[in-house]
Amino acid sequence: KGQFETLQGGQVSSLTRIILQRLGLGFLTLFAVSLIIAFVVELLPGDITQAMLGQSATPETVAAFRKEIGLDRPAHIRYFEWLGGIFKGDLGQSLASKRDISEFVGTRLSNTLFLGGLAAAFAVPLALLLGLLAALYRNSIFDRIVNLTTLTSISFPEFFVAYILILFLSVKAGIFPGISNVSTNLAFGDQLFRTILPALTLTLVVLAHMLRMTRAAIINLLSSPYIEMARLKGTRPFRVIVYHALPNAWGPIVNVIALNLAYLVVGVVVVEVVFVYPGLGQLLVDSVAKRDLPVVQACAIIFAAVYILLN
């Protein structure tokens, strides 16, 4: 009993150490990403003073406005002030609207998470089901059609898939709206209906990775002795795959699902712009156009934190 408790305590401490190492590595990665974000943002041509005052503004007016909003200070000082605010939970203030970024970025983030969650609700079960069926009927016509369809969808860029869906499902068929102008005032059903097309776009983009990994993991296990024993007992093929092969294939499948869920959250920028979806990606693009640098940094660091956390 004493040896068992010692062994169990050692496993717990080892697990705690691994978790702490991962958390530390995540924070270190996030710090490195924040440096890259700040450096790249400084490379953007022009600034918000030129965007707001126009090209007819005099150099004196531009200099006075830059001093008013704090852009006259060195970049490294502004970076450390911004980083200190991040540690305190303060994302800063928008240079364009003079509002605290946390006031409006929360709604945008919730919209993005809703879109990513809806796409995941479509993609994950569909990928598992099609992957299981493709493994069950491997090398059949069904398997080849599934592989061809998914590879075709993943080979096209997101905006192309989005425009194709808009053309056929919105313009020609008139089933779904081509613009996903959701808001907090809409009922859940209306918000869900207007988010179908962007969610379907993301589903088609990420489906192939998860489906092919599910198929490959299942097929690799079908030659195992315990699978052959289950077959010799007369177990039905679908039951063999679901109850015997799938539980042991979860490792690589879950890894691919987690990576694709991370992509669903941070890879929505192009899709949100195409459908004018009011999410964090659309806010990021709009802020880059306005040269609203604090908002750009806040959106980028949130995307980075979500991706690192899911990894």
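Nothing here was measured: the structure is a model prediction, and the numbers come from that model.

Re the layout of surface pockets
Part 1: Of the voids in this model, the largest pocket is the one considered here, and its volume is about 470 Å³.
Part 2: Along its surface, the largest pocket is lined by 24 residues, and Arg73, Arg78, Trp82, Gln93 and Pro294 are the ones closest to its centre.
Part 3: Looking at the lining of the largest pocket, the elements that each hand over two or more residues are helix 1 (2-43), helix 3 (59-69), helix 4 (75-87) and helix 15 (293-310).
Part 4: Counting residues per element, the lining of the largest pocket draws most heavily on helix 4, at six residues.
Part 5: A class-by-class count of the residues in the lining of the largest pocket yields 11 nonpolar, six polar and seven charged.
Part 6: Volume-wise, the second largest pocket comes out at about 330 Å³.
Part 7: Lining of the second largest pocket is provided by Arg22, Leu23, Leu25, Gly26, Phe27, Thr29, Leu30, Ala305, Ile308, Leu309 and Asn311.

Structural notes on unusual backbone geometry
Part 1: Here Asn139, not a glycine, exhibits a phi torsion of approximately 65 degrees, which is positive.
Part 2: Judged by its relative accessible area of 56%, Asn139 is exposed.
Part 3: Of note, Arg291 is a non-glycine position whose phi angle comes to about 60 degrees, a positive value.
Part 4: Following the sequence through the fold, Arg291 ends up in the loop between helix 14 (280-290) and helix 15.

Quick notes on the packing of helix 6 (residues 141-155) against helix 9 (residues 196-221)
Packed helix pairs are specified by the crossing angle of their axes together with the interaxial distance, meaning the distance between the axes.
Part 1: Across the interface, helix 6 lies against helix 9 with an axial gap of 7 Å and an inter-helix angle of 140 degrees. It follows that helix 6 is oblique to helix 9 by the angle criterion. When the axes of helix 6 and helix 9 are compared, the crossing they make is left-handed. In contact with Asp143, Val146, Asn147, Thr150, Leu151, Ser153 and Ile154 of helix 6, helix 9 contributes Leu204, Val205, Leu207, Ala208, His209, Leu211, Arg212 and Arg215.
Part 2: Here the contact of helix 6 with helix 9 is built from residues that sort into eight nonpolar, four polar and three charged.

Examining the confidence of the model for the protein
Part 1: Mean pLDDT over the protein stands at 83; residues scoring 70 or higher make up 94%.
Part 2: By mean pLDDT, helix 2 (residues 48-53) is the weakest element of the protein at 71, and helix 7 (residues 158-172) is the strongest at 90.

A few points about the side chain of Thr112
Part 1: Counting through the fold element by element, Thr112 comes out in helix 5 (residues 101-136).
Part 2: For Thr112, the contacting residues outside a window of four places in its chain are Val265, Val268, Glu272, Tyr277, Gly279, Leu280 and Gly281.

Section: the packing of aromatic side chains
Part 1: Tallying each qualifying case throughout the model produces five aromatic pairs.
Part 2: Their ring planes at 65 degrees and their centres at 5.2 Å tell us that Tyr79 and Phe80 sit as a pair that is edge-to-face.
Part 3: In this structure Tyr79 comes out as buried when scored by relative accessible area, which is 7%.
Part 4: On the basis of relative accessible area, Phe80 is assigned to the exposed category, the value being 55%.
Part 5: Here the aromatic residues Tyr79, Phe80 and Trp82 are joined through ring pairs into a cluster of three or more.
Part 6: Above the ring of Tyr243, the side-chain terminus of Arg239 is found at 4.3 Å from the ring centroid.

A short note on the nonpolar core
Part 1: Within the largest apolar cluster, 45 residues are counted, with the highest numbers of intra-cluster contacts made by Leu202, Met210, Ile218, Ile253 and Phe275.
Part 2: Secondary-structure elements contributing two or more residues to this core are helix 5, helix 7, helix 9, helix 10 (225-232), helix 11 (237-245), helix 12 (250-266) and helix 13 (269-274).
Part 3: Dropping the residues within four chain positions of it, Ile253 is found in contact with Leu128, Met213, Thr214, Ala217 and Leu246.
Part 4: Trp82, Phe104, Val105 and Ile301 belong to the second largest nonpolar core, which has 23 residues in total.

Section: the pattern of salt bridges
Part 1: Enumeration over the complete set of coordinates arrives at three salt bridges.
Part 2: One salt bridge connects Glu81 with Arg73, and the closest N-O pair in it is separated by 2.7 Å.
Part 3: The partner of Arg99 in a salt bridge is Glu103, with the nearest N and O atoms 3.5 Å apart.
Part 4: Exposure remark for Glu103: the relative accessible area of 48% places this residue in the partly exposed category.

Brief notes about helix 6
Part 1: A rise of 1.5 Å per residue sets the reference length of helix 6, with its 15 residues, at 21 Å; its end C-alpha atoms lie 21 Å apart and thus fit the reference within 8%.
Part 2: Those residues of helix 6 not exposed but buried are Asp143, Val146, Asn147, Thr150 and Ser153. Summarising the axial view, the buried residues of helix 6 lie within an arc of 140 degrees, below the 170-degree limit, and thus occupy one face. In helix 6, the exposed positions that point more than 90 degrees away from the buried face belong to Ile141, Arg144, Leu148 and Ser155.
Part 3: Elements that come into contact with the buried residues of helix 6 comprise helix 5, helix 7 and helix 9.

Side note on the side chain of Asn111
Part 1: Checked against the element boundaries, Asn111 lands in helix 5.
Part 2: Its relative accessible area of 9% is what places Asn111 among the buried residues.
Part 3: There is a polar contact of 2.8 Å between the side chain of Asn111 and the backbone oxygen of Pro278.
Part 4: Leaving out residues up to four positions away in the same chain, Asn111 has contacts with Val182, Gln191, Tyr277, Pro278 and Gly279.

Each value, and the rule that gives it
- Residues numbered from 1 in each chain as written.
- Predicted model: local features only at pLDDT ≥ 70, side-chain atom pairs only at ≥ 80, totals over all residues.
- Heavy atoms only, no water.
- 1 Å grid on protein atoms, 1.4 Å probe; cavity = no way out; pocket = protein on both sides within 12 Å on 5 of 7 lines; lining within 4 Å.
- Points joined across faces, edges and corners; volume = space filled by probe spheres on them.
- Helix = DSSP H or I, 4+ residues; strand = E, 2+ residues; numbered from the N terminus.
- Nonpolar A, V, L, I, M, F, W, Y, C, P; charged D, E, K, R; others polar.
- Buried < 20%, exposed > 50% of the residue type's maximum accessible area, 1.4 Å probe, protein only.
- Axes fitted to C-alpha atoms, helices over the stretch in contact; angles between N-to-C directions.
- Parallel < 35°, antiparallel > 145°, perpendicular 65-115°, else oblique.
- Left-handed = near helix turned anticlockwise from the far one by under 90°.
- Contact = heavy atoms within 4.5 Å.
- pLDDT = per-residue confidence, 0-100.
- Phe/Tyr/Trp six-rings, centres within 6.5 Å; stacked < 30°, edge-to-face > 60°.
- Lys NZ or Arg CZ within 6 Å of the ring centre and 35° of its normal.
- Core = buried A, V, L, I, M, F, W, Y, C linked by side-chain atoms within 4.5 Å.
- Salt bridge = Lys/Arg side-chain N within 4 Å of Asp/Glu carboxyl O.
- Expected span 1.5 Å × (residues − 1).
- Arc of directions from axis to C-beta.
- Polar contact = N/O pair within 3.5 Å; in protein donor to acceptor, adjacent residues only side chain to side chain.

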